[in-house]
Amino acid sequence: MNVKKFVVGNFYEEAVLFPAVTKVRRAGYKIHDVYTPFPIHGLDKVMGLKDTDLHIAGFIYGITGTSTAIGFITFMLAFDWKINFGGKPFFSLPAWIPIMFELTVLFAAVGMVLTFCWLCQLAPFVKKTTSTCAAPMILLLWL
Amino acid sequence: MCAGQFPIWHMGRVWNGFFVMPYPNTRGPLWVNFNSPLLWDVFAISTYFTVSLLFWYSGLLPDLATLRDRAKLKWSKFFYGLAAFGWTGSTKHWQRHEALSLVLAGLSTPLVLSVHTIVSFDFATSVIPGWHTTIFPPYFVAGAVFSGFAMVQTLLLITRKVLGLEQYITMEHIDVMNKVIVLTGSIVGIAYLTELFMSWYSASPYEWFAFKENRLNLNSPYGWSYWLMMGCNVLSPQIFWFRKMRRNILVTFFMSILVNIGMWFERFVIIVTSIYRDYLPSSWSTYYTPTIWEIGFYMGTFGLFFTCYFLFSKFFPVIAIAEIKHILKKNGDSYKAGYDKEEMESYDAFEHEQSHHH
């Protein structure tokens, strides 16, 4: 049967972990994951993980928010139901900047958190799917 | 949460509160007025609340996972397991978590400026003397940082004592917080003086009357509240220029209470002294007294706040565990103890040893 075999290592020091990760990878083993109680800076590079694109997603969500705001407000106040507010133009962009800013931030933040939870499969009652690599190896770091 | 409910209560007809949202309705559809600071505030407050909530909870996930892993009771295993969203501490997850925290922190900072700026617009764009001033946005932002730090200081000093967190929240933290308090208190003070000067310089008789007769004049019905505000917010924090005072817990606690009172009176001065006497002397009211409902709402916020605060400090981590672990591993005493050998070495021996490494 397709039985997965893991070799588990325990580490207490970064100084020991980093060379170990490098050597294990050089020897041709695939590292399943390294679990750490706090972020270890530079470990992702040593493990050969790509940089996350989460901030790019955040930027896209942000400009979506901006365009949603300007699009909807323009539709509502300049096309759908024009109201004269003190003789100001129907399309009064400067007055809409605060809401455009707020929606930019709101969309970026909510979108990024949801994307983060989705990518990491973080939610109550969600079982994580394990990776399907042939001979994975887990390195455990417990401090 | 506590502050956010007040705009809803002040709508009067609370059940129509959803009218502030722009949704296709049967009244036209008649849309909300996007040119109005009141609507900007709807968006500012709800965005601020949502983003703060997300930032708070996403930062809490790793610590909730720590609590889950150490939970012994059945209910707490289940509860923290649910709350931690299945956080594992995988390196990839940490990498994304760091990116997320950085961006959320970056978004929250201008959000703080925007929310207080927009709240001040509610006042500043009106035509009421004492409110119609351009200095309001920076003045409200500085005031928010000022009162926020004082409030945190009050709660932190008690929590630190009760939970025995002296090793984590050190005198250094209290010292720098007091520096922020004296800085922002002075900025607020400059704002007070500037608006006072401008009300005279504007040559608008109504504006000058509001400041001179309703606020500065100690014999006017509310003169006492203006001077109480000045004393608590501007004069008393100046004590924090002295290092001895910044590092005195008792003084710090007393001062934080004074600043809380002062900032409460700032709101009181802005609202009450500007509108109890308006353009028509016939509509002046001699004295404003809060109704039992107003007092009730105010007491209610205390109840809501402290219920949440006590529940949180009982069941949730009051210190960011993962962050502290990170720092201890780099700068903790037990980490530094390992360097005794290196530190005792002579410089030449150390250099000799290191040069062979590379």
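No experiment lies behind these values; they were computed from the predicted model shown.

Comments concerning the overall build of chain B
- Tallying secondary structure elements over chain B gives 15 helices and 0 strands in all.
- Once the C-alpha set of chain B is aligned to its principal axes, its extents read approximately 85 × 55 × 40 Å.
- Expressed as a percentage of the 358 residues in chain B, the buried residues total 28%.
- The contacts in chain B between residues at least 6 apart in sequence include a share of 70% that link residues at least 24 apart.

Here we look at the overall build of chain A
- Looking only at helices and strands, chain A features 4 helices and 3 strands.
- Listed N to C, the secondary structure of chain A is β-α-β-α-α-α-β in terms of helices and strands.
- Every one of the 143 residues in chain A was classed for burial, and the buried ones make up 28%.
- Sequence separation of at least 24 residues holds for 80% of the intrachain contacts in chain A that already meet a minimum separation of 6.

What about the interface of chain A and chain B?
- Of the residues lining the interface, 47 residues belong to chain A; the matching set on chain B comes to 44 residues.
- Of all the secondary structure elements, the ones that give two or more residues to the side of chain A that touches chain B are β2 (30-35), α2 (43-46), α3 (54-80) and α4 (93-119) of chain A.
- A total of 16 residues in the side of chain A that touches chain B trace back to one element, the largest contributor, which is α4(A).
- For the side of chain A that touches chain B, the residue count by class is 35 nonpolar, 6 polar and 6 charged.

Topic: α3(A)
- Its 27 residues place the ends of α3(A) 36 Å apart at the C-alpha level, agreeing with the 39 Å of an ideal helix rising 1.5 Å per residue.
- Considered for burial, the residues of α3(A) that qualify are A:Leu54, A:Gly58, A:Tyr61, A:Gly62, A:Gly65, A:Ala69, A:Ile73, A:Met76 and A:Leu77.
- Where α3(A) is buried, its residues meet α4 of chain A together with α4 (91-124) of chain B.

A word on the domain arrangement of chain B
Residue and element names in this part refer to chain B.
- Split by domain assignment, chain B resolves into domain 1 (1-125), domain 2 (129-288) and domain 3 (292-321).
- Where the side of domain 1 that touches domain 3 is concerned, the elements lending two or more residues are α1 (2-10) and α2 (37-70).
- Counting residues per element, the side of domain 1 that touches domain 3 draws most heavily on α2, which supplies 4 residues.

Some remarks on the nonpolar core
- By size, the foremost hydrophobic cluster in this structure holds 75 residues, and its most contacted members are A:Val105, A:Ala109, A:Met112, B:Val51, B:Leu100, B:Leu107 and B:Phe146.
- Of all elements in the fold, only α3 and α4 of chain A together with α2, α4, α5 (136-162), α6 (171-201), α8 (223-235) and α10 (249-275) of chain B reach the threshold of two or more residues within this core.
- Element by element, the count of residues in this core is highest for α2(B), at 14 residues.
- Residue contacts for B:Leu107: discarding those within four places in its chain leaves A:Val105, A:Ala108, A:Ala109 and B:Val51.
- Core analysis: the next-biggest nonpolar cluster, separate from the first, contains 7 residues, A:Leu17, A:Ile31, A:Ile40 and A:Leu43 among them.

Quick word on unusual backbone geometry
Residues and elements named next belong to chain B.
- Of note in this structure, Phe 85 is not a glycine but carries a positive phi near 60°.
- Examined against the element boundaries, Phe 85 turns out to sit in the loop between α3 (74-83) and α4.
- Although it is not a glycine, Ala 203 adopts a positive phi angle of roughly 60°.
- Here Ala 203 is to be found in the loop between α6 and α7 (205-216).
- C-beta crowding within 10 Å serves as the criterion here: with 8 such atoms nearby, Ala 203 is assigned to the exposed category.

Overview of the confidence of the model for chain B
Residues and elements named next belong to chain B.
- On average, chain B scores 87 in pLDDT, and the residues at 70 or more come to 94%.
- Confidence, expressed as mean pLDDT per element, reaches its minimum in chain B at helix α14 (residues 340-344) with 63 and its maximum at α6 with 93.
- For this predicted complex, the interface score ipTM comes out at 0.84, while the overall pTM is 0.85.

A short note on the domain arrangement of chain A
- Once the domains are mapped, chain A shows domain 1 (8-50) and domain 2 (54-119).
- In this structure, domain 1 of chain A and domain 2 of chain A have C-alpha centres spaced 42 Å apart.

Observations concerning the packing of α2(B) against α3(B)
Residue and element names in this part refer to chain B.
- Interhelical geometry of α2 versus α3 gives an angle of 155° and a closest axis separation of 8 Å. Taken together, the axes of α2 and α3 lie roughly antiparallel to each other. Of the two elements, α2 crosses α3, and the hand of that crossing is left-handed. Between α2 and α3, the contacting residues are Leu 64, Leu 67 and Arg 68 on the first element and Lys 77, Tyr 80, Gly 81 and Ala 83 on the second.

What about α6(B)?
Residues and elements named next belong to chain B.
- Between its first and last C-alpha, α6 extends 44 Å over 31 residues, near the 45 Å set by a 1.5 Å rise per residue.
- All buried positions along α6 are accounted for by Ile 174, Asn 178, Ile 181, Thr 184, Gly 185, Val 188, Ala 191, Tyr 192 and Ser 199.
- Directly after α6, the chain includes Ala 203, whose backbone phi takes a positive value near 60°.

Points about the environment of A:Tyr12
Residues and elements named next belong to chain A.
- Position of Tyr 12 among the secondary structure elements: in the loop between β1 (8-11) and α1 (14-26).
- Take Tyr 12: there are 11 C-beta atoms within 10 Å of it, and that puts it in the exposed class.
- For the pair Tyr 12 and Leu 93, spaced 81 residues apart in the sequence, the C-alpha separation amounts to 57 Å.

Cut-off values and rules
Residues numbered from 1 in each chain as written. Chains lettered and ligands numbered in written order. Predicted model: local features only at pLDDT ≥ 70, side-chain atom pairs only at ≥ 80, totals over all residues. Helix = DSSP H or I, 4+ residues; strand = E, 2+ residues; numbered from the N terminus. Buried ≥ 20, exposed ≤ 12 C-beta atoms within 10 Å, placed from the backbone. Contact = placed C-beta atoms within 7 Å. Nonpolar A, V, L, I, M, F, W, Y, C, P; charged D, E, K, R; others polar. Expected span 1.5 Å × (residues − 1). Domains from an automatic or database assignment. Core = buried A, V, L, I, M, F, W, Y, C linked by C-beta atoms within 7 Å. pLDDT = per-residue confidence, 0-100. Axes fitted to C-alpha atoms, helices over the stretch in contact; angles between N-to-C directions. Parallel < 35°, antiparallel > 145°, perpendicular 65-115°, else oblique. Left-handed = near helix turned anticlockwise from the far one by under 90°.

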